[in-house]
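Next come the chains, spelled out residue by residue.
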Amino acid sequence: MKHTVDIYNHSRRTANVTTRVQEMMTSCTFRVSLSERACDYGQWKLYGIPCSHALAVCRQYVVDPTGYVSECYSIIKYTLTYTSGVFAPLADVQEWCESNFQLRHNPDRRIRQRGRNVTSRIHNEMDWAQTRARQQYQAQDGAGPPAQGSASRH
């Protein structure tokens, strides 16, 4: 992916960033607003960390992107979270209280089904060539291909 900053408005601190995806031969344009801490892509608003489009604008105009990271990621907020008294650190395992319940396994709530997993890998020309060669070999001999690394015995 390659980002190109097309238009930058200094007064509004906005820019149009064109992203070109080499593999798909397509491009998309996103509006980035540094003053609003937003990008049309949406990832900046979602996570509070500047997305790659915002970073491209910062790099182009020599702006420090760390100033645009959400305040919740600051060390001050981090320490306030654990010193506020809401979260107490867990004690050592020996100091844990005994529980009055027992965990039971429910086999009906299995998420994964039995059997071989279905792969989500996208097959390419190399896989098709191997499959075709195996099918041709089986059609000729009526058997599978010889095992790799094994020598034929006469």
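In this text the structure is predicted, and so the values were computed from the model without any measurement.

1. Quick word on the pairing of strand S2 (residues 14-21)
(1) Moving on: The buried fraction of S2 amounts to 6 of the 8 residues, a majority that puts the element mostly inside the structure.
(2) Moving on: With 7 bridges joining them, strand S1 (residues 2-9) and S2 adopt antiparallel strand pairing. Its bridge partner being in S2, Lys2 is matched across the sheet by Arg20.
(3) Moving on: What sits between the antiparallel neighbours S1 and S2 is a turn of 4 residues, in which Arg13 has the positive phi angle 55°.
(4) Moving on: The pairing of S2 with strand S3 (residues 26-33) spans 8 bridges and is antiparallel. Bridging across to S3, Thr19 finds its partner in Cys28.
(5) Moving on: Counting the residues in the hairpin turn of S2 and S3 gives 4 residues, including Met25, whose phi is positive at 55°.

2. Side note on unusual backbone geometry
With the exception of glycine, most residues fall at negative phi, and the peptide bonds are largely trans.
(1) Moving on: The phi dihedral of Arg37 is positive, around 55°, even though this residue is not glycine.
(2) Moving on: Structurally, Arg37 is set in the loop between S3 and strand S4 (38-39).
(3) Moving on: One non-glycine residue with positive phi stands out, namely Val62, at about 50°.
(4) Moving on: Note on placement: Val62 falls in the loop between helix H2 (52-60) and helix H3 (75-83).

3. Comments concerning H2
Given 3.6 residues per helical turn, the α-helix brings residues three or four places apart onto the same face.
(1) Moving on: The set of residues buried in H2 consists of His53, Ala54, Ala56, Val57 and Cys58.
(2) Moving on: On its buried face, H2 is in contact with S1, S2, S3, S4 and helix H1 (43-47).

4. Let's talk about the environment of Asp40
(1) Moving on: Mapped onto the secondary structure, Asp40 falls in the loop between S4 and H1.
(2) Moving on: With 98 residues separating them in the primary sequence, Asp40 and Gln138 have C-alpha atoms 54 Å apart.
(3) Moving on: Contact partners of Asp40, with chain neighbours within four places excluded, come to Phe30 and Arg31.

5. Considering the sheet that holds S1
(1) Moving on: If you walk across this open sheet you meet the 4 strands as S1-S2-S3-S4, and the pairing is antiparallel. Both outer strands of the open sheet, S1 and S4, are each paired with one neighbouring strand and no more.
(2) Moving on: The strands touched by H2 are S1, S2, S3 and S4; relative to S1, the strand with the most contacts, the crossing angle is about 65°.

6. Considerations on a nonpolar patch on the surface
(1) Moving on: A grouping of Leu46, Tyr47, Ile49 and Tyr73 is seen on the molecular surface, where their side chains present a nonpolar patch of about 450 Å² in accessible area.
(2) Moving on: Here Ile49 shows up in the loop between H1 and H2.
(3) Moving on: Under the relative-accessibility criterion, Ile49 is labelled partly exposed at 41%.

7. Points about the nonpolar core
(1) Moving on: By size, the foremost hydrophobic cluster in this structure holds 15 residues, and its most contacted members are Val5, Val32, Leu34, Cys39, Trp44 and Val57.
(2) Moving on: Broken down by secondary-structure element, the contributors of at least two residues to this core are S1, S2, S3 and H2.
(3) Moving on: With 4 residues, the top contributor of residues to this core is H2.
(4) Moving on: Once you skip the residues sitting within four places of it in the chain, Leu34 turns out to touch Tyr8, Arg13, Trp44, Val57, Cys58 and Tyr68.

8. As for the side chain of Thr18
(1) Moving on: One can find Thr18 in strand S2.
(2) Moving on: Residue classification places Thr18 among the buried residues on the basis of a relative accessible area of 17%.
(3) Moving on: Only 2.3 Å separates the side chain of Thr18 from the side chain of Asp6, close enough to count as a polar contact.
(4) Moving on: At a separation of 3.4 Å, a polar atom in the side chain of Thr18 contacts the side chain of Thr29.
(5) Moving on: In contact with Thr18, not counting residues within four places along its chain, are Lys2, His3, Thr4, Asp6, Ser27, Cys28 and Thr29.

Reading the values: rules and limits
Residues numbered from 1 in each chain as written. Predicted model: local features only at pLDDT ≥ 70, side-chain atom pairs only at ≥ 80, totals over all residues. Heavy atoms only, no water. Buried < 20%, exposed > 50% of the residue type's maximum accessible area, 1.4 Å probe, protein only. Helix = DSSP H or I, 4+ residues; strand = E, 2+ residues; numbered from the N terminus. Pairing = 2+ DSSP bridges. Contact = heavy atoms within 4.5 Å. Axes fitted to C-alpha atoms, helices over the stretch in contact; angles between N-to-C directions. Patch = residues over 30% accessible without salt bridge, like charges linked within 9 Å, V, L, I, M, F, W, Y side chains within 5 Å. Areas by Shrake-Rupley, 256 points an atom, 1.4 Å probe, with all protein chains shown as cover. Salt bridge = Lys/Arg side-chain N within 4 Å of Asp/Glu carboxyl O. Core = buried A, V, L, I, M, F, W, Y, C linked by side-chain atoms within 4.5 Å. Polar contact = N/O pair within 3.5 Å; in protein donor to acceptor, adjacent residues only side chain to side chain.

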